[in-house]
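Residue-level listing of the chains:
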Amino acid sequence: MTQALYPQTDRQNLDNSPSGAPPHYVVQMTDPHLFGTPGRTLLGMDTVNSFQQVLSHLPADKIDHIVLTGDLAQDASAPAYENLIAMLAPLGLPFTWLPGNHDNANLMAEIAKAHGGGIGDRVVVIGRWRLIMLDTSVPAEVHGELSDRELACLKAELEQAEKQDQFCLVCLHHNPLPGTSEWMLEIGLKNAAAFQQVLQPFRHRIAAVLFGHIHQNIDRADEDGIRYICTPSTSIQFKPHVTDFELDILQPAYRWLELYDDGRIETGVCHLQNFELTIDMSAPGY
Ligand SMILES: [Fe+2]
């Protein structure tokens, strides 16, 4: 994993003096690929079980918010989304979701509205932080794209962050940078250049762009100094740096992020330790 720190020169005009306040603690869970029917498996993994195992290992007493960055349901079914909400409910924590390529964005919006509690919100404000949730899903396609409406929404939210002196996490499902493997080249965010054009003038406000989709841990900065972070799945993981699709033997995982009032983030990935992997390592795709 490579890491890059934010160029401090971009932040010299901001009030980023450390307040000494404790950080806000956010958890990202991504790509659970749940099914609406109990016991169904994805390449040999019971994804509901792995999600529950990850949930049981979260440090619930310190979490301020959970973000779920897409591919929540492998079968895009209402029972899968309802079950996801039911599994999260005992934690008593606020959470917000966005859709991935396996999801049904309209159905998710209906279910979020019916449940209330901000599940489908586009923006979450936590202290001096603005979490911006984007929809990159394209019906019946694996790749992602940000519509003109999404790009306009992103710009408006970044302008709000500028006005309100906030730092941002920009959350989406699809990878805006090429994946680490050849087979991933066609499945990322198609209009990544348009996305980066919107981000660029606000780069001093953006602590990180947070995504999933390629089921692996990535943490690096682009040439503008914007940090891009990908998180492994709560289910199966994809092996990096290979030509064709291949599963990795890493266990289900979540990411924690500590958001400081001066715009810094600390982050890391926690994998389960003793989860019995029953995956089909010879699978040619998912
Ligand atoms: Fe996925």
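All values derive from a computational prediction rather than experimental measurement.

### Some thoughts on the packing of helix α1 (residues 47-56) against helix α2 (residues 78-88)
Okay, step 1: Contact pair α1 / α2: the axes reach a minimum separation of 11 Å and the direction vectors enclose 25°. In terms of axis orientation, α1 runs roughly parallel to α2. Seen from above, α1 lies across α2 with right-handed handedness. Facing Val48, Phe51, Gln52 and Leu55 of α1, the residues of α2 in contact are Asn83, Leu84, Met87 and Leu88.
Okay, step 2: A per-class count over the contact of α1 with α2 returns six nonpolar, two polar and no charged.

### So, unusual backbone geometry
Okay, step 1: We note that Asp71 has phi near 50°; this positive angle belongs to a residue other than glycine.
Okay, step 2: Backbone geometry at His215 places phi at a positive 50°, although glycine is not the residue there.
Okay, step 3: Its place among the elements puts His215 in the loop between β9 (206-211) and β10 (218-221).

### Side note on the packing of aromatic side chains
Okay, step 1: Taken as a whole and assessed by the stated rule, the structure comprises six aromatic pairs.
Okay, step 2: Geometrically, the ring pair formed by Trp183 and Phe238 is edge-to-face, given 5.4 Å between the ring centres and 70° between the ring planes. Taken together, the positions of Trp183 in the loop between β8 (167-171) and α5 (192-199) and Phe238 in strand β12 (residues 237-238) put the pair 55 residues apart, joining distant regions of the chain.
Okay, step 3: Arranged with centres 5.1 Å apart and planes meeting at 70°, the rings of Trp183 and Phe245 form a pair that is edge-to-face. Placement of the pair is Trp183 in the loop between β8 and α5 and Phe245 in the loop between β12 and β13 (247-248), with a sequence separation of 62 residues.
Okay, step 4: What makes Phe245 buried here is its relative accessible area of 11%.
Okay, step 5: Ring-pair connections join several aromatic residues into one group, and the members of that group are Trp183, Phe238 and Phe245.
Okay, step 6: In this structure, Arg264 is placed above the aromatic ring of Tyr260, and the distance from its NZ or CZ to the ring centre is 4.1 Å.

About the criteria used
- Residues numbered from 1 in each chain as written.
- Predicted model: local features only at pLDDT ≥ 70, side-chain atom pairs only at ≥ 80, totals over all residues.
- Heavy atoms only, no water.
- Axes fitted to C-alpha atoms, helices over the stretch in contact; angles between N-to-C directions.
- Helix = DSSP H or I, 4+ residues; strand = E, 2+ residues; numbered from the N terminus.
- Parallel < 35°, antiparallel > 145°, perpendicular 65-115°, else oblique.
- Left-handed = near helix turned anticlockwise from the far one by under 90°.
- Contact = heavy atoms within 4.5 Å.
- Nonpolar A, V, L, I, M, F, W, Y, C, P; charged D, E, K, R; others polar.
- Phe/Tyr/Trp six-rings, centres within 6.5 Å; stacked < 30°, edge-to-face > 60°.
- Buried < 20%, exposed > 50% of the residue type's maximum accessible area, 1.4 Å probe, protein only.
- Lys NZ or Arg CZ within 6 Å of the ring centre and 35° of its normal.

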